Amino acid sequence: MVSWSRKITYLVLISFLLSCITPMTYVDYDEKVDFTEYSSFNFYATETILNPAEEDILMLLIENNLRSKGFNSSTFSKFSVDFYVEFFEVGNSAVSANDNSSFSNNVNYMSITINFSDTLTNELFWQAVVERRTTRYISKEKKFKYFRELVNEALEQYPPKEEDNSEVNGDLVNNDIYK
């Protein structure tokens, strides 16, 4: 029979592992902005570490997401969309004292940041950052699905709801959402 302490340990371990799978989303926005004024968008000249085909996929996914919410893509737009991508590793390494062997337990992550700026003033008024675990090599089909999930997670909270604007603490409010 398994002891209670072992059951709790397993439960904590499973919870930790599941929390590593879901993306972490951070959203900041300017509470003083009237988001109803921003009905059209266009992309700012983005340069990322991705290849041009992957950048095009991200642009298409962002555009489709915004269009599904009623926003229009226009040359003379109200706001500009910019995004960038980062890859990073989180982990630890250790050396065994007995046989001088070493091991590394690094986990790869991808972070996508999406910025919305007023076209006339170039002022940033909304930003989302999504971090999610990734693998080094991924098929094109899985990459499209992965990118779509990241974009949908990032834009899920755009535009902010009225009740989200209730706490005024300054120009930018940090509405951290952990999912």
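What counts as what
- Residues numbered from 1 in each chain as written.
- Predicted model: local features only at pLDDT ≥ 70, side-chain atom pairs only at ≥ 80, totals over all residues.
- Heavy atoms only, no water.
- Phe/Tyr/Trp six-rings, centres within 6.5 Å; stacked < 30°, edge-to-face > 60°.
- Helix = DSSP H or I, 4+ residues; strand = E, 2+ residues; numbered from the N terminus.
- Buried < 20%, exposed > 50% of the residue type's maximum accessible area, 1.4 Å probe, protein only.
- Salt bridge = Lys/Arg side-chain N within 4 Å of Asp/Glu carboxyl O.
- pLDDT = per-residue confidence, 0-100.
- Contact = heavy atoms within 4.5 Å.
- Axes fitted to C-alpha atoms, helices over the stretch in contact; angles between N-to-C directions.
- Parallel < 35°, antiparallel > 145°, perpendicular 65-115°, else oblique.
- Left-handed = near helix turned anticlockwise from the far one by under 90°.
- Nonpolar A, V, L, I, M, F, W, Y, C, P; charged D, E, K, R; others polar.

### Observations regarding the packing of aromatic side chains
Then, number 1: Enumeration over the complete set of coordinates arrives at 18 aromatic pairs.
Then, number 2: Considering the side-chain rings of Phe71 and Tyr158, the 5.6 Å spacing of their centres and the 40° angle between planes classify their relative orientation as tilted. Of this pair, Phe71 sits in the loop between helix 2 (52-68) and strand 3 (72-73) while Tyr158 sits in the loop between helix 3 (140-155) and strand 9 (172-178), and the two are 87 residues apart along the sequence. Side by side, Phe71 and Tyr158 carry an identical accessibility label, which is buried.
Then, number 3: Between Trp126 and Tyr158, the aromatic rings sit 5.0 Å apart at their centres with planes inclined by 70°, giving edge-to-face as the arrangement.

### With respect to the pattern of salt bridges
Then, number 1: For the coordinates displayed, the defined rule picks out 3 salt bridges.
Then, number 2: The salt bridge partner of Glu63 is Arg67, with a shortest N-O separation of 3.0 Å. Linking Glu63 with Arg67, this pair stays in helix 2, spanning 4 residues, or about one helical turn.
Then, number 3: Residue Arg132 pairs with Glu149 through a salt bridge whose shortest N-O separation is 2.4 Å. Of this pair, Arg132 sits in strand 8 (residues 124-134) while Glu149 sits in helix 3, and the two are 17 residues apart along the sequence.
Then, number 4: Given the relative accessible area of 16%, Arg132 is considered buried.

### Quick look at the confidence of the model for the protein chain
Then, number 1: Averaged over every residue, the pLDDT of the protein chain is 79; residues scoring 70 or more account for 71%.
Then, number 2: Confidence scores differ between elements of the protein chain, with strand 9 showing the lowest mean pLDDT of 43 and strand 2 (residues 40-43) the highest of 96.
Then, number 3: Residue range residues 10-19 is modelled with pLDDT below 50. Its contacts to residues more than four positions away, or to other chains, number 0 contacts.
Then, number 4: In this model residues 164-179 is a low-confidence stretch, pLDDT under 50, and it forms 36 contacts with partners more than four residues away in sequence or in other chains.

### A short note on the packing of helix 2 against helix 3
Then, number 1: The interhelical angle for the contact between helix 2 and helix 3, taken along N-to-C directions, is 45°, at an axis separation of 10 Å. Between helix 2 and helix 3, the angle falls in the class oblique. Considering only the axes of helix 2 and helix 3, their crossing is right-handed. Contacts from Glu54, Ile57, Leu58, Leu61, Ile62, Asn65 and Leu66 in helix 2 reach Lys143, Phe144, Phe147, Arg148, Val151, Asn152 and Leu155 in helix 3.
Then, number 2: Among the residues forming the contact of helix 2 with helix 3, the class breakdown is 9 nonpolar, 2 polar and 3 charged.

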